[in-house]
Amino acid sequence: MLRRAWKPIAGAVALGTPAFVYYRTYYVQQTFELPIRVRNAEGKAEMRSHTFQLLPLKTLEERIRENATYRTHTSSDDLVWNFTTAALASNDPLEDANATQIITRDPSDPSAPGDYLFFAVMDGHSGFHTSQLLSRILIKAVTVRLSSLNSPTSQSKTGILESMKSLFRTTSTSDRKSPMDADPNLVSFAIKEAFTNLDQELINAPLRVLANGLDEAAKKSKVIPDLSQHPLALTTMLPAVSGSCAIMAMIDTAHRNLYVACTGDSRAVAGIWEDTGDGSGQWRVEVLSEDQTGRNPSEHERIKSEHPKEEEDYVIRDGRVLGGLEPTRAFGDARYKWPRIVQETLNQAFMAGNNKPLRPPPSLFKTPPYVTATPEVTHRELSFTSTGNTPSSKGIRFLVLATDGLWDQLSNEEVVGLVGGYFSGLKGAIPKSELPTLIPTVTGAAGVDGKRQRTKKSGEGLWSFTDDNLSAHLIRNAFGGGDEMTLRKMLSIPAPYSRRYRDDVTVTIVWWEEGRAHEAKLSTERIRPKL
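Residues numbered from 1 in each chain as written. Predicted model: local features only at pLDDT ≥ 70, side-chain atom pairs only at ≥ 80, totals over all residues. Heavy atoms only, no water.

**Focus on the overall build of the chain**
This is how the line gets drawn: Comment: elements are numbered from the N terminus, with helices defined as DSSP H or I runs of at least four residues and strands as E runs of at least two. Whether a residue is buried, partly exposed or exposed follows from its accessible area with a 1.4 Å probe, protein chains only, as a fraction of its type maximum: under 20%, in between, or over 50%, in that order. Throughout, a contact is declared for two residues whenever any of their heavy atoms are within 4.5 Å. Each accessible area is a Shrake-Rupley estimate made with a 1.4 Å probe; only the visible protein chains count as cover when residues are assessed.
Within the chain, the regular secondary structure consists of 15 helices and 20 strands. Taking all 531 residues of the chain together, 48% fall into the buried category. Restricting to contacts in the chain with at least 6 residues of sequence separation, those with at least 24 account for 72%. Roughly 25600 Å² of accessible area belongs to the chain as shown, and the carbon and sulfur atoms make up 52% of that amount.

**Thoughts on unusual backbone geometry**
Note on backbone geometry: most residues besides glycine have negative phi, and most peptide bonds are trans. For the peptide bond that leads from D92 to P93, omega is 5 degrees, which places it in the cis range. For the bond from P368 to P369, the omega torsion is 5 degrees, close enough to zero to count as cis. Note that P369 resides in the loop between α10 (340-351) and β14 (376-381). For K222, which is not glycine, the phi dihedral falls at a positive 60 degrees. Among the secondary structure elements, K222 is positioned in the loop between α7 (216-221) and α8 (233-241). The exposure class of K222 is exposed, given its relative accessible area of 74%. Even without glycine at this site, D318 takes up a positive phi of about 55 degrees.

**Let's talk about the pattern of salt bridges**
Just so we agree on the cut-off: Each salt bridge in this description consists of a side-chain nitrogen of Lys or Arg and a carboxyl oxygen of Asp or Glu lying within 4 Å of one another.
Per the stated rule, a full pass over the model turns up 22 salt bridges. The salt bridge involving D109 is made with R105; its shortest N-O contact spans 3.1 Å. With a closest N to O distance of 2.2 Å, E274 and R284 form a salt bridge. Linking E274 in strand β9 (residues 267-274) with R284 in strand β10 (residues 282-287), this pair joins segments that are 10 residues apart in sequence. Look at E274 and you get partly exposed, because its relative accessible area is 22%. What emerges from the salt-bridge pattern is a single network uniting E299, R302, E306, R329 and E376.

**Section: the packing of aromatic side chains**
Our working definition: The rule is short: rings of Phe, Tyr and Trp, with Trp giving its six-membered ring, pair when the centres are within 6.5 Å, and they are stacked under 30 degrees, edge-to-face over 60, tilted in between. Both a distance and an angle decide whether a charge sits over a ring: NZ of Lys or CZ of Arg must be within 6 Å of the ring centre and within 35 degrees of the ring normal.
Scanning the entire structure with this criterion turns up 14 aromatic pairs. Each ring, one from W283 and one from F398, has its centre 5.1 Å from the other, and the planes form 55 degrees; the classification is tilted. Separated by 115 residues along the polypeptide, W283 in strand β10 and F398 in strand β15 (residues 397-402) bring together distant segments of the chain. A cation sits over an aromatic face here: K192 above F189, 5.6 Å from the ring centre. When the ring centre of W463 is taken as reference, the NZ or CZ atom of K432 above it lies at 4.5 Å.

**Points about the nonpolar core**
The criterion, for reference: The term nonpolar core refers to a set of buried residues drawn from Ala, Val, Leu, Ile, Met, Phe, Trp, Tyr and Cys, joined through side-chain atoms within 4.5 Å.
Residues V400, L406, L474, F479 and V507 are the most contacted members of the largest nonpolar core, which totals 41 residues. In this structure, I139, V187, A190 and A194 belong to the second largest nonpolar core, which totals 30 residues.

**Examining the environment of L117**
Residue placement: L117 occurs in strand β6 (residues 115-125). Judged by relative accessible area, which is 0%, L117 ranks as buried. For the pair L117 and M250, spaced 133 residues apart in sequence, the C-alpha separation works out to 5.6 Å. Filtering out sequence-adjacent residues up to four positions away, L117 remains in contact with W81, Q101, I102, A249, M250, I251 and T253.

**Some details on the pairing of strand β4 (residues 79-88)**
Short version of the rule: Strand pairing requires that DSSP identify at least two bridges connecting the strands.
Here β4 lies mainly inside the structure; 10 of its 10 residues are buried. Of the two faces of β4, the one carrying L79, W81, F83, T85 and A87 and the one carrying V80, N82, T84, A86 and L88 are both buried. The pairing of strand β3 (residues 69-74) with β4 spans 6 bridges and is antiparallel. Each residue of the ladder has a partner; that of R71, found in β4, is F83. Linking β3 back to β4 in an antiparallel pair, the connection comprises 4 residues, with D78 at a positive phi of about 65 degrees.

**Here's the deal with the pairing of strand β1 (residues 31-39)**
For β1 and strand β2 (residues 45-53), the ladder comprises 9 bridges, and the chain directions are antiparallel. Each bridged residue has a counterpart across the sheet, and for L34 the counterpart in β2 is H50. Once β1 ends, the chain turns through 5 residues before running back antiparallel as β2, passing G43 with a positive phi of about 85 degrees.

**Describing the packing of α8 against α10**
The description of two packed helices rests on the angle between their axes and on the distance between the axes. Quick note on the threshold: Here an axis means a line fitted to C-alpha atoms, over the contact stretch when the element is a helix, while the angle between two N-to-C directions is reported on a 0 to 180 degree scale. Angles below 35 degrees are treated as roughly parallel, those above 145 as roughly antiparallel, those between 65 and 115 as roughly perpendicular, and all remaining angles as oblique. Handedness of a crossing follows from how the near helix is turned relative to the far one, being left-handed for an anticlockwise turn of less than a right angle and right-handed for a clockwise one. Note on residue classes: Ala, Val, Leu, Ile, Met, Phe, Trp, Tyr, Cys and Pro are nonpolar, Asp, Glu, Lys and Arg are charged, and everything else, Gly too, is polar.
One can describe the packing of α8 onto α10 by two numbers: an axis separation of 10 Å at closest approach and a directional angle of 140 degrees. Comparing their axes, α10 and α8 come out oblique. In this structure, the crossing between α8 and α10 has a hand that is left-handed. On the side of α8, the interface is formed by A233, L234, M237 and L238, while α10 contributes L346, F350 and M351. The class makeup of the residues in the contact of α8 with α10 is 7 nonpolar, no polar and no charged.

**Quick notes on the side chain of D333**
The line we're drawing: By the counting rule applied here, Lys and Arg register as positive and Asp and Glu as negative, while His and the ends of each chain are not counted.
Structurally, the position occupied by D333 is in the loop between β13 (331-332) and α10. In this structure, D333 is buried with no salt-bridge partner, the nearest side chain bearing the opposite charge being K337 at 6.0 Å. Once you skip the residues sitting within four places of it in the chain, D333 turns out to touch H125, A240, V241, S242, G243, S244 and L325.

**Structural notes on the confidence of the model for the chain**
Put simply, the rule reads: Scored from 0 to 100, pLDDT records how confident the predictor is in each individual residue.
The predicted model of the chain averages 85 in pLDDT, with 82% of residues at 70 or higher. Note that pLDDT drops below 50 for residues 386-395; the model gives that stretch 20 contacts with residues more than four away or on any other chain. In the predicted structure, residues 516-531 sits below a pLDDT of 50 and forms 29 contacts with residues beyond four places in sequence or in another chain.

What follows is the structure, encoded as structure tokens:
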């Protein structure tokens, strides 16, 4: 930096121009101004201009690639599975999380051979506690529930799922022609139940700690004890009171099924290559989830139906639950689930003594719960047959899972076009107006966009095709792409001011290729910044 700063000064001296002119110009170019919200002397919010340092591009590229990973897996049917993940923080610390797990079926499994491939991204809010916990236990909870489907010795009696089993069970388990985990209806209900039960465990954990911490004297006097120093006080409370959306894709290679379970407003989008009559081909955009916010009409109606009629005018306000929480489904967020008296009791028992008082429930809070973690689960049959002859169609299909920080910036069509362009070998800076011609897309299932309507872009600017990691490639293009100054400004804004302009982003991309097992690298690689 210093050597670069001295060069214009030396040139100025040689040319006889006052050095301070160049020196001042150089440093002016390293800052930029943005309006930020501040409190004035009267305590009222107002917007003021603030100057920020413009960070070097190299520093910001290192941030984009810092959490980037790439892995491959070869399944028993000669398919090569590739998956990348990258994350970029806006909050400090990052409130997103992610998880990946591959489970190979045991030879004794009725559906063997084959694999379960799990991919999940979690979008935390009001802290990272819920999302980080989900990254460790969500997939495990689902696999435990799925394992009981084909287990004749399972003693689990779990209401809805058992009822569903009875509807589909026409013969004894030993006489069934196909395993129960081959039935998309049963698998979908098992996933829903796993999500719902896990959230119940999160929400009820502090209550169990409180119950176990009450001695006989406290029970008789009805005095709430101070359990703030209990080893499980914050361990159970923080994941319950913070919150997280989650979206999980499960690929069952044995039965060639894809399941997507969505709780909240993260999104899953697939790109499917299709041949066209002229031989050029195109990518079909398939949205596999719906944004679950108050702006989604079906979610709005669902929540209204679950509460008294006198609440229907305000149970969703400005697209948010009681005017506060944007996602209508989430893990944790006990502030929208616990009755008011429970919140007050747990606050006094666990949080007051830790100087972490709970926020009171929303002013319109009357008939909880208002938020659920039960997901919507969609199912698609997977086809692994190549149909085209172009380089882009050699068995390649892909799936993008991302938190809403990506979808706030890029449309479904732009994401599929950017991934398709990566597979087609595009390099360097590509005008945004030209990408739809180079990489044609067509909309299949459109899904429901539950986010606030964005200002439509003019098509000006540049996309960038420079990153080796496919997830990092999308993150770069979400915040400026080939427009270096835009990228630098967006990523130079520090927390907490950055949250007004961009959210945390986590992106996982999965794609599969046929007949290339001999080329696969059976390894895990973390992408490191290039020096």
